[in-house]
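# Per-entry structural report
Residues per chain, in single letters:
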Amino acid sequence: MSWLSSSQGVVLTAYHPSGRDQAVGGSHAERGEEPASSSSCRYGQYTMNQESTTKVTEKPPLDRSSSQDSLDELSMEDYWTELENIKKSSENRQDQETVVVKEPDEGELEEEWLKEAGLSNLFGESTEDPQESMVFLSTLTRTQAAAVQKRVETVSQTLRKKNKQHHIPDVRDIFAQQTESKEKAPDGTEFRSVGTNENKHQEKDDQASSRLVVGDKELILPMPEETPASVTDINLEVSFAEQAVSQKDSSQDRTWKTKDSSASFPSFRLPKDKTGTTKVGDLAPQDMKKVCRLALVELTALYDVLGVELKQQKAGKIKTRDSGLFGVPLTILLEQDQRKVPGTRIPLIFQKLISRIEEGGLETEGLLRIPGAATRIKNLCQELEAKFYDGTFNWDNVKQHDAASLLKLFVRELPQPLLGAEHLRAFQDVQNLPTKKQQLQALNLLVILLPDVNRDTLKALLEFLQRVIDNKEKNKMTVMNVAMVMAPNLFMCHTLGLKSSEQREFVMAAGTANTMHLLIKYQKLLWTIPKFIVNQVRKQNTESHKKDKKAMKKLLKKMAYDREKYEKQDKNTNDADVPQGVIRVQAPHLSKVSMAIQLTEELKASDVLARFLSQESGVAQTLKKGEVFLYEIGGNIGERCLDEDTYMQDLYQLNPSAQWVIKTEPS
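Nothing here was measured: the structure is a model prediction, and the numbers come from that model.

What follows is about the overall build of the protein chain. The helix and strand tally for the protein chain stands at 27 helices and 16 strands. Here the protein chain holds 667 residues, and the buried ones make up 54% of them. Considering only residue pairs separated by 6 or more positions, the protein chain has 80% of its internal contacts joining residues 24 or more positions apart. Just so you have it, the protein chain exposes about 30,600 Å², and 48% of that area is on carbon and sulfur atoms.

Right, here's the structure in full:
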C-alpha cells in the first residue's frame, strides 16, 4: 500500500536526500553505513531525486538558534532512512494499490462534522432526536457554541447556493442565554477567567526546541534530550478553548506566538481531583458517545481560537481483505481474534510481534531503526498469513530486527491509519499550535476521538516504545530517535495520498515527528477524560432525566395513577434504608449482603474496597487488591469506574442519587 499524507502549515525546513548527505548528518561513508541503492526514491506521493534536491539546496544558508546541530541532523537522518527502508519493503509486496482521494465539495466536511457531533438535524432531516440535540447544545461553553455556529452557517450558505430549501435554525438563538460574563459549570461551580495561573508557565511550556531556518521558512525540532524542568499542572476543570481565550487576552502586551525557545522540554502533571480522575474506558458506552461528541466540538473550538484550520479528511473507499493479518481492518482482525481469545482488545499478531521483540532483549543497539532484509520480511509475511492462526508458525525463525520490521509493516499496511483517517491531518497540525501545553490538550482530545480498537492498539504501541526508550543507554534509541523512526509508519496513508510539494514533505516530516514525540512522552496523560467534559455529560444526563420525568408524570396522570404514590416510588430506595451521611455499597455478583459505610472527609474509594476485601466470609476472601473496582452508577452518570484516590464524600455531593457497586473487573 503506497501512501503518504500531506500537511499544510507545520513549520519545517531541511535538506533533501542528496543535499542531506552533507547538510544532515554527514555522508553514509562517514557514518560507516552502506550507501542507498538509488539516489531516487518514490513511495506513494513521496519523492526523492537529485534534481529536486538541487532546487531545495539553492535556498539561503542554514541558520540555527541552538547548538544541537549534530543530534538534530542525525535524528532527521533516521526519518529519511526509514522512508527509504519503507520504499524497499514496498517493492517486494505486489498486492498494493494507491488511492487518490478527491477533495471534498464546499460544505461537505462541515456536514460530516455536524453529523459526527450528533447535530445533523440542524441542517436537514435526521434520525437524531432533536430534544437530545437541544440538551447537548445547552451544555456547551461559549467557544464550543461558536464552533458549532460557524459550521452551521457554512452548511447553510452551501445549501442556499444549491437551492436546497432546508430550514436551518439560527444557533445564536440557542445560545442567547450564554452571554453572561460568568458561566455555571455542571457541578455548580463558575467558569471564571483562567488567565491568572495559566500564563505563569507560558514561556516555560512554549516551544522547547532547536530551530532550523532556510529562507523564510522555519523548522521546529524538539530538544533531543529532555533536561530537568519545572512541573506544570494541566487544568482539566475548564474548557481548553476557554483557557486559550483567556491566555490570548492576557498576552496582548506580548507576541501571542512566543518565539522563546530557550526553555527546557516541559513536564506536565494532572492535579489530583477529589471526585476522581476519569480515564478512557471508565465510562459506560452511552456516556462515552457523549464524551466523543463533546471532544470533537471542543477540539474544533480550540483550533478556531488559536487560528489553526481543522479539516477532517474523508477516507477513500478501498477494497479491504476480510481475513488474514496484514492489510486487514482492525475491527475485522479483532473479530476473528476474539473468536479464539474472547475479550481480547488488541490484535493477537500485534501482541505477539511485540512479545517477540522483547524476548530478544530491549538493549539491542539500533532496535526499531535497523530493518530486516526486505525479501526475508516478505517471506515471513506469507508464512505468517498461512500458519499464524493454526499455531504451526515457527517463531524461532523470526530474528529480533525481523519482528520489529513486521511490527512497523503491520501498522503502515492497515487499510485505515492507526490514528484514524478522519483526524490524521489534525494529529499532524498539532505542531501548529502555539504552546506545548495546547499541543498536549489537542492530542488528549484526538486520542479520545479514536475508535476503541485504534485507541487500545495505539496505547499498547506507545507503552512498548517507552520500554524501548527506557533502555536508551544501551540500545542508543532516545525518544527522538524512536519518534523519527516511527513517524513515517503511523502518518503515511494511501487514502490521503494527495500530491504535495517537496517543501510540504519537509513540513510533514517535522510535524509528524513532533507529534510522535509528544504521543510517546506524554502518553500517561492522554487517556484522561477532562473533568469539564465529564461535567458536561453529567449536565446532559440531568437535563434528559428532568424531561423524562416530566413526560412520565403526564403519562401517569392520564392513567389516573395517584401522583403522591408515584412520587414515593420515584424516591431513591437508598434514602429510606440508609441514614444521612451513609452510603450503601453493593456487590451483587460477589456478595448477597450490602455494606453501609459512613462518609467522612478522608474516606476514599480504596478504603471502601479494603473494607470489602477484609470480610472473613464469602468470595471476597479469594480476591486481592487490584481485582475489584468500585463503580458510581446512575444519577447524573450512566456508569463510572472510580480511581482509588476518589474522595467518596465529595463525589456523593456531586451525585447524591448514585448507587455504589463493586465489580471484579473494569468495563
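With that settled, consider the side chain of T646. Looking at where T646 falls in the secondary structure, it is placed in the loop between β15 (637–641) and α27 (648–654). Residues in contact with T646, not counting those within four places in the same chain, are K274, T275, G276, L603, K604, A605 and L651.

Because each turn of an α-helix spans 3.6 residues, side chains separated by three or four positions in sequence point in the same direction. With 14 residues, helix α14 (residues 374–387) extends 20 Å between its outermost C-alpha atoms, agreeing within 8% with the 20 Å of an ideal straight helix rising 1.5 Å per residue. For α14, every residue scored as buried is listed here: I377, L380, C381 and L384. Projected down its long axis, α14 shows its buried positions confined to an angular sector of 105 degrees, all on one face. For α14, the elements touching its buried residues are α13 (348–359) and α15 (400–412).

Among the nonpolar cores identified, the biggest contains 128 residues, and Y303, L368 and L465 are the most heavily contacted of them. For this core, the element with the most residues is helix α11 (residues 285–305), which contributes 11 residues. Counting contributing residues, this core receives three or more from each of domain 1 (74–90 + 102–161 + 232–248 + 267–314 + 424–479 + 491–558) and domain 2 (319–414). Setting aside residues no more than four positions away along its own chain, Y303 makes contact with V308, E309, L310, A426, D429, V430, L433, A442 and L446. One finds A587, M595, F612 and L623 within the second-largest nonpolar core, a separate group that totals 23 residues.

The five strands lie next to each other as β13-β12-β16-β14-β15, forming an open sheet whose pairing is mixed. Edge positions in the sheet fall to β13 (595–598) and β15, since each of these pairs with one other strand and no more. With strand direction ignored, the average angle separating the axes of adjacent strands in the sheet is 30 degrees. Pairing analysis gives four bridges linking strand β12 (residues 582–586) to β13, with the strands arranged antiparallel. Opposite V582, over in β13, you have Q598 as the bridge partner. Each of β12, β13, β14 (629–634) and β16 (659–663) is contacted by helix α26 (residues 605–613), which is oriented at about 140 degrees to β13, the strand it contacts most.

Before going further, it helps to examine the environment of R376. By the element assignment, R376 lies in helix α14. Residue R376 is classed as partly exposed on the basis of its relative accessible area of 30%. Distance from R376 to D402, taken between C-alpha atoms, is 8.0 Å for residues 26 residues apart in sequence. Contacts of R376, omitting those with residues within four sequence positions, involve N397, K399 and D402. At 2.5 Å, the side chain of R376 forms a polar contact with the backbone oxygen of N397.

For any two aromatic rings, the description comes down to two numbers: the centre-to-centre distance and the angle of the planes. A complete count under the given rule lists seven aromatic pairs for this structure. Measuring from centroid to centroid gives 5.2 Å for F240 and F532, while their planes differ by 75 degrees, and the two rings are edge-to-face. Linking F240 in helix α10 (residues 240–250) with F532 in helix α23 (residues 531–558), this pair joins segments that are 292 residues apart in sequence. The two residues F240 and F532 agree in class, both being buried. Taken together, the ring pairs in this structure connect F388, Y389, F393 and W395 into an aromatic cluster. Lying across the ring of W113, R151 places its NZ or CZ 5.7 Å from the centre.

Listing the buried residues of helix α4 (residues 108–116) in full gives L109, E111, W113 and L114. Tucked into the core, α4 has its buried residues touching α6 (142–161) and α11. Backbone geometry just after α4 places G118 at a positive phi near 75 degrees.

This next bit is on the confidence of the model for the protein chain. Considering every residue of the protein chain, the mean pLDDT works out to 76; 65% of them sit at 70 or more. The model gives residues 569–576 a pLDDT under 50, and that stretch makes four contacts with residues more than four places away or in other chains.

Below, the discussion takes up the packing of α13 against α15. For the pair α13 and α15, the least separation of the axes is 8 Å and the interaxial angle reads 150 degrees. Judged on the interaxial angle alone, α15 and α13 are roughly antiparallel. Seen from above, α13 lies across α15 with left-handed handedness. Contacts between α13 and α15 involve I349, F350, L353, I354, R356 and I357 from the first element and Q400, A403, A404, L406, L407, F410 and V411 from the second. Residues of the contact of α13 with α15, tallied by class, amount to 11 nonpolar, one polar and one charged.

To continue, consider the pairing of β15. Among the five residues of β15, four are classified as buried, and the element is accordingly described as predominantly covered. Remark: two residues form the turn of the hairpin made by β14 and β15, two consecutive strands paired antiparallel; G635 in that turn has positive phi of roughly 75 degrees.

Notably, L368 is not glycine yet its phi reads approximately 80 degrees, a positive angle. Its place among the elements puts L368 in the loop between α13 and α14. Non-glycine residue K476 carries a positive phi angle of around 60 degrees. Summarising the element assignment, K476 is placed in the loop between α19 (472–475) and α20 (479–491).

Each value, and the rule that gives it
Residues numbered from 1 in each chain as written. Predicted model: local features only at pLDDT ≥ 70, side-chain atom pairs only at ≥ 80, totals over all residues. Heavy atoms only, no water. Helix = DSSP H or I, 4+ residues; strand = E, 2+ residues; numbered from the N terminus. Buried < 20%, exposed > 50% of the residue type's maximum accessible area, 1.4 Å probe, protein only. Contact = heavy atoms within 4.5 Å. Areas by Shrake-Rupley, 256 points an atom, 1.4 Å probe, with all protein chains shown as cover. Expected span 1.5 Å × (residues − 1). Arc of directions from axis to C-beta. Core = buried A, V, L, I, M, F, W, Y, C linked by side-chain atoms within 4.5 Å. Domains from an automatic or database assignment. Pairing = 2+ DSSP bridges. Axes fitted to C-alpha atoms, helices over the stretch in contact; angles between N-to-C directions. Polar contact = N/O pair within 3.5 Å; in protein donor to acceptor, adjacent residues only side chain to side chain. Phe/Tyr/Trp six-rings, centres within 6.5 Å; stacked < 30°, edge-to-face > 60°. Lys NZ or Arg CZ within 6 Å of the ring centre and 35° of its normal. pLDDT = per-residue confidence, 0-100. Parallel < 35°, antiparallel > 145°, perpendicular 65-115°, else oblique. Left-handed = near helix turned anticlockwise from the far one by under 90°. Nonpolar A, V, L, I, M, F, W, Y, C, P; charged D, E, K, R; others polar.

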